[in-house]
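Summary of structural features
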Amino acid sequence: VSMLLKGGPAAIQECKELIAMVSGSTESAAEILTRRTAEIIAQLRVSEEGQEGLAAFLEKRPPDWSEPR
């Protein structure tokens, strides 16, 4: 849980929505996860949050989720 809490707020929200989508669907969870996860990752990587996470990783510092860049 502690590792999950270190994630960006938008990424955590997307995870919650994905879990809800899988649990309430008649499609196989694998089909949903494969398709939707790729879409989510692409969107989050180009977002301000994603760019901050990448910059923090490359600069070897903790990400600052409180301030958009």
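In this text, all values refer to a predicted model and were calculated from it rather than measured experimentally.

Reading the values: the criteria
- Residues numbered from 1 in each chain as written.
- Predicted model: local features only at pLDDT ≥ 70, side-chain atom pairs only at ≥ 80, totals over all residues.
- Heavy atoms only, no water.
- Helix = DSSP H or I, 4+ residues; strand = E, 2+ residues; numbered from the N terminus.
- Buried < 20%, exposed > 50% of the residue type's maximum accessible area, 1.4 Å probe, protein only.
- Contact = heavy atoms within 4.5 Å.
- Areas by Shrake-Rupley, 256 points an atom, 1.4 Å probe, with all protein chains shown as cover.
- Axes fitted to C-alpha atoms, helices over the stretch in contact; angles between N-to-C directions.
- Parallel < 35°, antiparallel > 145°, perpendicular 65-115°, else oblique.
- Left-handed = near helix turned anticlockwise from the far one by under 90°.
- Nonpolar A, V, L, I, M, F, W, Y, C, P; charged D, E, K, R; others polar.

Structural notes on the overall build of the protein chain
Helix and strand content of the protein chain: 4 helices and 0 strands. Put simply, the protein chain runs from its N terminus to its C terminus through helices and strands in the order α-α-α-α. A total of 69 residues make up the protein chain; the buried ones form 14% of that total. Across the protein chain, every contact between residues at least 6 apart in sequence was considered, and the portion connecting residues at least 24 apart equals 27%. Per element, the accessible surface of the protein chain, about 5400 Å² overall, is 64% carbon and sulfur.

Concerning the packing of helix 2 (residues 9-23) against helix 3 (residues 29-46)
The interhelical angle for the contact between helix 2 and helix 3, taken along N-to-C directions, is 160 degrees, at an axis separation of 10 Å. The angle between helix 2 and helix 3 places the two elements in the roughly antiparallel class. Helix 2 and helix 3 meet at a crossing whose hand is right-handed. Along the contact surface, helix 2 presents Ala10, Ala11, Glu14, Leu18, Met21 and Val22, while helix 3 presents Ala29, Ile32, Leu33, Arg36, Thr37, Ile40 and Leu44. Across the contact of helix 2 with helix 3, the residue classes tally to 10 nonpolar, 1 polar and 2 charged.

Here's the deal with the environment of Ile41
Mapped onto the secondary structure, Ile41 falls in helix 3. Using a relative accessible area of 38% as the deciding quantity, one classes Ile41 as partly exposed. Once the C-alpha coordinates of Ile41 and Ala11 are considered, the two residues, 30 residues apart in sequence, prove to be 8.7 Å apart.

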